[in-house]
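# Architecture at a glance
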Amino acid sequence: MQTFTAPLATNYKIECWGASGGGHFPGKGGYSKGIIPLAQNKTLYVYVGEQGIYESVDDFVRGGWNGGGYGFESCPGGGGASDVRIIRHTEDDGWSGTNSLRSRIIVAAGGGGGTSYGRGRGGNGGGL
């Protein structure tokens with residue numbers, strides 16, 4: 001998680017790119033953009049998704065950080081989403097705390113994992 005503090009009270013353009021999925025033929029992460037008015041010294045919390053990876057855990061393959069879906073056996077995990085929030089997560093609720101997730105103002109989804117053997121391509125992520 002990273003932070004951004006608005007130096008001026010004005011409109012800001014925000015852009016997000018989701019992480020790609022894992023594997024040889026991954027789906028691309030989604031893209032989102034928007035304009036938001038921010039007060040001076042308002043802090044935003046930026047959560048950047050991680051590319052899907054090929055790390056097996058009991059036959060399941062871990063997805064990228066920030067919500068990347070799990071794959072199975074030869075299918076790598078999906079990429080994590082990237083988002084910007086108004087409320088920071090707490091140590092008690094982790095990155096996926098209800099208040100923090102509900103405060104998202106922009107999201108770009110991660111891409112799907114593609115097979116390692118070229119039999120299937122991961123789907124591209126969307127954006128809001």
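Since this is a predicted model, take the numbers as computed values, not measurements.

## Some words on the nonpolar core
With 10 residues, the main nonpolar core is built from Ala6, Tyr12, Ile14, Cys16, Ile36, Leu38, Leu44, Val84, Ile106 and Ala108. Looking at this core, the elements that each hand over two or more residues are β2 (10-17), β3 (31-38) and β9 (104-108). The element contributing the most residues to this core is β2, with 3 residues. Apart from the residues within four sequence positions on either side, leucine 38 is in contact with Phe4, Ala6, Leu8, Ala9, Thr10, Tyr12 and Leu44.

## Considering the side chain of serine 103
Checked against the element boundaries, serine 103 lands in the loop between α1 (98-102) and β9. The contacts of serine 103, once residues within four sequence positions are left out, are Val84, Arg85, Ile86 and Ile87.

What counts, and where the lines are drawn
Residues numbered from 1 in each chain as written. Predicted model: local features only at pLDDT ≥ 70, side-chain atom pairs only at ≥ 80, totals over all residues. Heavy atoms only, no water. Core = buried A, V, L, I, M, F, W, Y, C linked by side-chain atoms within 4.5 Å. Buried < 20%, exposed > 50% of the residue type's maximum accessible area, 1.4 Å probe, protein only. Helix = DSSP H or I, 4+ residues; strand = E, 2+ residues; numbered from the N terminus. Contact = heavy atoms within 4.5 Å.

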